[in-house]
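Chain residues, written in single-letter form:
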Amino acid sequence: MSSFFPPPHLRQDFAASVVVFLVALPLCVGVAVASGVPAELGLITGIVGGLVTGAMRGSTFQVSGPAAGLTVLVLETVRNLGVAGLGAVVLAAGLLQTVLGALRWGRWFRAISLSVVEGMLAGIGLVIIASQLYTAAGTDAPDGGPARLAGLPAALAGALADPGAAASAALAAGTVLVIAGWRRLPGRAGAVPGALVAVVLAALVTAAAGLPVATVRIDGVLDAVRPPDAAALGSLAEPAVLGTVLAFALIASAESLFGAAAVDRMHDGPPTEYDRELIAQGVGNTLCGLLGALPLTAVIVRSSANVRAGARTRAARMLHGVWLLVFAALLPGVLAYVPLPALAGILVHAGWKLIPFRGIAALWRGHRGEAAVLAATAAAIVAVGMFEGVLIGLGLSVAKAAWEASHLRVDRADEPVPADAAGRPAPGGVLRVRVSGGATFLRLPKLLDALEALPRDRPVEVDLSGLHHLDHACRSAVTAWAERHTAAGPHPVRLHALPALRTAAGK
């Protein structure tokens, strides 16, 4: 244990763990309620993320637990397979993550297009906001992202006409305002987690005013543990369920490892070991699946709070799991006083933070193609679902990369030849052609059109040194054109840099 609790840093890690616990507690409960499962399962996942994943090597400062980014996928899985089926899916996804980490595939998750990841987060944020606004208005959300967005004006208008719904909406709105404004307070007050303050204030207002709003239903934490049964495990053989497992594993891994890159920029400590971190996430999700709990990922909100609070070692994130365990064992009844509209407000704020507004603006100014991929990914997630939306985003990203890699430019310039012995300029200057970019079969028609349009009665020099890629089809076509052009005219064609490119391509 001495490696986890080095005496020089115990005080800093202890203080940081308390801060992270206070941040994690309302989020664990809120994510569970929004996912359609008992609140206790969110606490179980937070405990596993602290005590198990937090004890493993990988990232020193990342804190794991139930994440708002998986809420949509969890809710869909619970609706289709039930809570027992969710446990089986999480178990299989954790095992897949562990295998991928053991195969050293963790680093490859960094190759996923950032626009796809940000589009995924934006889509998730929009779906969370839409669904939780219905909860804030005291009504049930319709199925499907487009229906939720279309029905929001009517739902909010109806809430204003109903005193009970209006009180619920006001409580949620107040929660969002407290969270957004609390961190701007000067001094040490701003260091207290705004979400916790908002929940406490909402509970006090609800109790004092006797507001007719729903509160969290809470039972024993141990009673909520239901390992997946044989029928749930048997459903893993179905292709649709396997697709859900793959979606959980890929999305949770991408969110965790992209989060690790962001957290590493916040501190000057040891960098993340991506393969080990993927194994740690996989082991944590395997245990969460065995316990029938929510899936876990590394959560940027808790991780950044851990860094800002002065954590020095893995002890901080482990101790936060200890405090969650103590709370679940001794004070679970306190959660029964938490109003559901306050949790909806927390998740609306979390969903808003998932939308990368600054990143979208920056992409639009400099890389509109990337911005289009981001927007398409988000829209697809809202319209058809999480897994399908991510696949659409990845497909668009690959297509965009292939298109840009084959971008080809052909420039031509006339240069006079030296004068002859009589001092007169020689007829027909040299025509210099420079080809740059990527010459693939996708651009072969454009390349041949440009070359075949060159006059045959003048010397031609083609410079291919500006190409970063020349595939076999284009190389053969250029060579054949040069032979035909030379045979048809009085001047030979000179190709520069073609032999070097042929060697680099392995021919």
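For the structure, see preceding data.
Conventions used here
Residues numbered from 1 in each chain as written. Predicted model: local features only at pLDDT ≥ 70, side-chain atom pairs only at ≥ 80, totals over all residues. Heavy atoms only, no water. Salt bridge = Lys/Arg side-chain N within 4 Å of Asp/Glu carboxyl O. Helix = DSSP H or I, 4+ residues; strand = E, 2+ residues; numbered from the N terminus. Buried < 20%, exposed > 50% of the residue type's maximum accessible area, 1.4 Å probe, protein only. Lys, Arg positive; Asp, Glu negative; His and termini not counted. Contact = heavy atoms within 4.5 Å. Expected span 1.5 Å × (residues − 1). Arc of directions from axis to C-beta. 1 Å grid on protein atoms, 1.4 Å probe; cavity = no way out; pocket = protein on both sides within 12 Å on 5 of 7 lines; lining within 4 Å. Points joined across faces, edges and corners; volume = space filled by probe spheres on them. Nonpolar A, V, L, I, M, F, W, Y, C, P; charged D, E, K, R; others polar. Disulfide = S-S within 2.5 Å.

(A) The arrangement of the pattern of salt bridges in detail. This model, assessed by the stated rule, comprises eight salt bridges. Between R434 and D463 there is a salt bridge, with its nearest N and O atoms 3.1 Å apart. With R434 in strand 4 (residues 430–439) and D463 in strand 5 (residues 460–470), this residue pair connects regions lying 29 residues apart in the sequence. According to the relative accessible area criterion, D463 is partly exposed, its value standing at 23%. A single network of salt bridges, built from pairs that share partners, joins R57, E273 and R276.

(B) Region of the structure containing the side chain of D13. By the element assignment, D13 lies in helix 1 (residues 10–34). Although D13 is buried, it makes no salt bridge; R312 carries the closest opposite charge, 6.6 Å away. When near neighbours in sequence (up to four residues on either side) are disregarded, D13 contacts A311, R312, T313, A315, A316 and L319.

(C) Highlighting the environment of V299. Looking at the secondary structure, you find V299 in the loop between strand 2 (297–298) and helix 12 (300–308). Residue classification places V299 among the buried positions, given a relative accessible area of 10%. With 236 residues separating them along the chain, V299 and V63 place their C-alpha atoms 6.1 Å apart. In contact with V299, not counting residues within four places along its chain, are V63, S64, G65, P66 and A67.

(D) Looking closely at helix 19 (residues 472–488). The end-to-end C-alpha distance of helix 19 is 24 Å, a good match for the 24 Å that 17 residues give at a rise of 1.5 Å each. If you check which residues of helix 19 are buried, you get C474, R475, A477, V478, W481, A482 and H485. Viewed end-on, helix 19 has its buried residues packed into an arc of 165 degrees, placing them on one side of the element. Exposed side chains of helix 19 directed beyond 90 degrees from the buried face belong to E483 and A487.

(E) Here's a closer look at the side chain of S131. With respect to the helices and strands, S131 occurs in helix 4 (residues 114–136). For S131, a relative accessible area of 12% corresponds to the buried category. In this view, S131 contacts A141 and R148; residues no more than four positions away in its chain are not counted.

(F) Examining the layout of surface pockets more closely. Within this model, the second largest pocket holds a volume of roughly 790 Å³. Taken together, 40 residues line the second largest pocket, and the ones lying closest to its centre are V33, A34, G36, T135 and L340. If you list the elements that add at least two residues to the lining of the second largest pocket, you get helix 1, helix 2 (39–51), helix 3 (71–102), helix 4, helix 6 (163–182), helix 8 (221–224) and helix 14 (340–354). In the lining of the second largest pocket, the residues fall into 20 nonpolar, eleven polar and nine charged.

(G) Highlighting the state of the cysteines. What the rule picks out here adds up to zero disulfides. Here C28 stays unpaired: no disulfide links it, and the sulfur of C288, its closest cysteine neighbor, is 10 Å away. On the accessibility criterion, C28 (0% relative accessible area) is buried. Judged by its relative accessible area of 0%, C288 falls in the buried class.

(H) Inspection of the environment of A342 at higher detail. Within the fold, A342 resides in helix 14. As a C-alpha pair, A342 and V200 span 142 residues in sequence and 9.2 Å in three-dimensional space.

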